[in-house]
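# Structure assessment
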Amino acid sequence: MKQKIAVIIVHGLGTQKKDYADKFMKKLRETFSQTSGIPHEQLAMEAVHWADVFAGRESELISSSIKPYRLRYQHLRQYVIHNLADAVAYQPVEAEDQNYEAIHRTISEALHRLALAAGPLAPLCVISHSLGSVIASNFFYDLQFSSRGHRLVVDPEAPLERGELLTLFYTLGTTLPLWSMRYRDFDRPIDVPSVQLKHYHDRLLGEWVNFYDKDDILAYPLKGINEEYDRTVRNDISVNVGNWLTSWNPLSHSGYFYSKPILEYIASSLEATWRSVNQFK
């Protein structure tokens, strides 16, 4: 029986539908299967939907603080709330079980479903967009360097759920360099691959690759943050995402999931990972 690869997608800022990643996952499966000849069922995928954590409170804020006062530019204000408020609300605080933990819990639950679908020893690929890359980085940081993350693990006996199988990390349009401003010392990136990976799959190498569009004002390279990030991130790849209306301006930020070069790159890495873990050439 072949070992499947686990893939998790983490969305970014703004109001997101539950099916936000369906087209992307379908295209990734198709690209993986067509280029490798490997059945797409060998990829077990889960899309994390953390937007619901804030959805109710954001709606209350709109109803209580915008509409009753007839503030101008209501649609623009709602856009700001649905986007900027996510970044403001996602802040670790001393008290437990706040928004920070609630969002991370959605990832833990998705990893649990992946462990059931792909097995507890499945190599893990994380694909994250925008603020989602910050969330994913923080989630695995807490698992790797803090006891905070382990409190959210559904099945502590599954290495995949403990983050020990983290193999591939792809950040799309990441805002992570902006978040580096929160800390005076921001010189400890997560380990990609996880240091424990060699205990389960000693043939796997893993990588962290960051994709950014130069027209996307929310997207930044990562290797320039500091020496530690330069060593950890394999490559910053400049891409042109979006359609003819968005590819030349900041609206390109929403185009990463539709980029053929990104799909082909990730599919190729998934193929190499699958062949390595299953010892095929």
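A few words on the side chain of His-201. Examined against the element boundaries, His-201 turns out to sit in the loop between helix H6 (176-179) and strand S5 (207-212). Apart from the residues within four sequence positions on either side, His-201 is in contact with Leu-121, Pro-123, Leu-165 and Val-277.

This brings us to the pattern of salt bridges. Considering all chains together, one arrives at ten salt bridges under this definition. Of the charged contacts in the structure, one is a salt bridge between Lys-27 and Glu-30, with a shortest N-O distance of 3.9 Å. With Lys-27 and Glu-30 both in helix H1 (residues 22-36) and three residues apart, this pair spans about one turn of that helix. Among the ionic pairs, Arg-234 bridges to Glu-207, the shortest N-O distance being 3.1 Å.

Attention now goes to the environment of Thr-171. Structurally, Thr-171 is set in strand S4 (residues 166-172). Classification of Thr-171 as buried rests on a relative accessible area of 1%. Note: C-alpha distance between Thr-171 and Gln-42 (129 residues apart in sequence) is 22 Å. If we ignore the near neighbours within four places in the chain, the residues touching Thr-171 are Ser-128, Ser-133, Trp-208, Val-209, Asn-210, Phe-211 and Leu-222.

Of note, the amide linkage connecting Val-192 to Pro-193 takes the cis form, showing an omega dihedral of 0 degrees. Position of Pro-193 relative to the elements: it lies in the loop between H6 and S5. One non-glycine residue with positive phi stands out, namely Tyr-73, at about 55 degrees. The residue Tyr-73 is located in the loop between helix H2 (52-65) and helix H3 (74-89) in this model. Overall, Tyr-73 belongs to the exposed group, its relative accessible area being 63%. Of note in this structure, Ser-130 is not a glycine but carries a positive phi near 55 degrees. In this structure, Ser-130 sits in the loop between strand S3 (124-129) and helix H5 (131-145).

Calculation rules
Residues numbered from 1 in each chain as written. Predicted model: local features only at pLDDT ≥ 70, side-chain atom pairs only at ≥ 80, totals over all residues. Heavy atoms only, no water. Helix = DSSP H or I, 4+ residues; strand = E, 2+ residues; numbered from the N terminus. Contact = heavy atoms within 4.5 Å. Salt bridge = Lys/Arg side-chain N within 4 Å of Asp/Glu carboxyl O. Buried < 20%, exposed > 50% of the residue type's maximum accessible area, 1.4 Å probe, protein only.

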